[in-house]
Amino acid sequence: MKKGLCFLLALLGFCNIVLLAQSEELKPWTDVIIDQRDPSQWKWNKTDASRFSIRGDFDGDGFSENLYESATTLFSDNDELTPLRLDGDLGVYFLINEGDLDGDGGDEISFMTVNRDFSNLNYFRIWTYKDTKWKELFCVLVHEYDCPNYKAVEPHELFTHQWKRKNGYNMNKVVLKVCDGVVDVIGIHPCERYAIEHIKLVGKTATKREWGVIIQPREEE
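Here's what I pulled together on the structure shown here. Note that this is a predicted model, so its numbers are computed, not measured.

## As for the pattern of salt bridges
Applying the stated criterion to the full structure yields nine salt bridges. The closest approach of N and O atoms between D104 and K204, which form a salt bridge, is 2.5 Å. Residue D104 is located in the loop between strand 5 (92-99) and strand 6 (108-113), and its partner K204 is located in the loop between strand 11 (194-201) and strand 12 (206-214); the two are separated by 100 residues in the primary sequence. Take D104: its relative accessible area is 41%, and that puts it in the partly exposed class. E210 is the salt-bridge partner of K208, the closest N and O atoms lying 4.0 Å from each other. Under the relative-accessibility criterion, K208 is labelled exposed at 52%. A single network of salt bridges, built from pairs that share partners, joins D102, D104, E108 and K204.

## Examining the side chain of E144
Tracing the chain through its elements places E144 in the loop between strand 8 (133-143) and helix 2 (159-166). Buried and unpaired, E144 has no salt bridge, with R125 as the nearest side chain of opposite charge at 10 Å. Of the polar contacts made by the side chain of E144, one reaches the side chain of N122; its length is 3.0 Å. Residue contacts for E144: discarding those within four places in its chain leaves W29, Y93, M112, S119, N120, L121, N122 and Y150.

## Remarks on a negative patch on the surface
A contiguous patch of negative charge on the surface is contributed by D61, D77, D79 and E80. Secondary-structure assignment places D79 in the loop between strand 3 (73-76) and strand 4 (84-85).

## Some remarks on helix 2
Within the sequence span of helix 2, burial applies to F159, T160, H161, W163 and K164. Lining the buried residues of helix 2 we find strand 10 (182-188) and strand 11. Positive phi shows up at G168, right after helix 2, with a value of about 75 degrees.

About the cut-offs
- Residues numbered from 1 in each chain as written.
- Predicted model: local features only at pLDDT ≥ 70, side-chain atom pairs only at ≥ 80, totals over all residues.
- Heavy atoms only, no water.
- Salt bridge = Lys/Arg side-chain N within 4 Å of Asp/Glu carboxyl O.
- Helix = DSSP H or I, 4+ residues; strand = E, 2+ residues; numbered from the N terminus.
- Buried < 20%, exposed > 50% of the residue type's maximum accessible area, 1.4 Å probe, protein only.
- Lys, Arg positive; Asp, Glu negative; His and termini not counted.
- Polar contact = N/O pair within 3.5 Å; in protein donor to acceptor, adjacent residues only side chain to side chain.
- Contact = heavy atoms within 4.5 Å.
- Patch = residues over 30% accessible without salt bridge, like charges linked within 9 Å, V, L, I, M, F, W, Y side chains within 5 Å.
- Areas by Shrake-Rupley, 256 points an atom, 1.4 Å probe, with all protein chains shown as cover.
- Charge placed at Lys NZ, Arg CZ, Asp CG, Glu CD.

Here it is, written out as structure tokens:
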């Protein structure tokens, strides 16, 4: 009887931990530049308290490690994990553990680099760790205000956030769902409206990509 009660209490405790992890919100969007002068003059404006960090089993060895953001790299407290060199020198707008997307036991990550330009077009980038180094699985063209942690205010910024909430998708992830090795994400279709893109992953490679339904109505509709 006592053993059964202890097991039940332990199970309830585990469930609470899982629910807490599932409900944990993504760290808010952080201003990474000091001002809006010429982009070449932008300066890294983060501290240990404001830079992003995530935890997961990124190399698939069965043990979790931390992944941290600096202005130029993503690096781990696991010395065996090779740092990921970012394209720019201003860090990222967000950093997310997307879970094991390709079924190999290692977690994939998503992020968006901070570019030195005034354009709001940018890419969601999905990376994986393979053979002791990081590899980009795929990237998806979006607007910077589509980042999961961006607090949208203007009407034109709200669409993807409202669509994900309305359709029951995780607001803290880039990937909508994974089914039979196919990853679904929101991206900007060649017609310049938002659509669902289906991306087939095989052996750490995006082997096939195709557009699905266009989810954004025309302006006149």
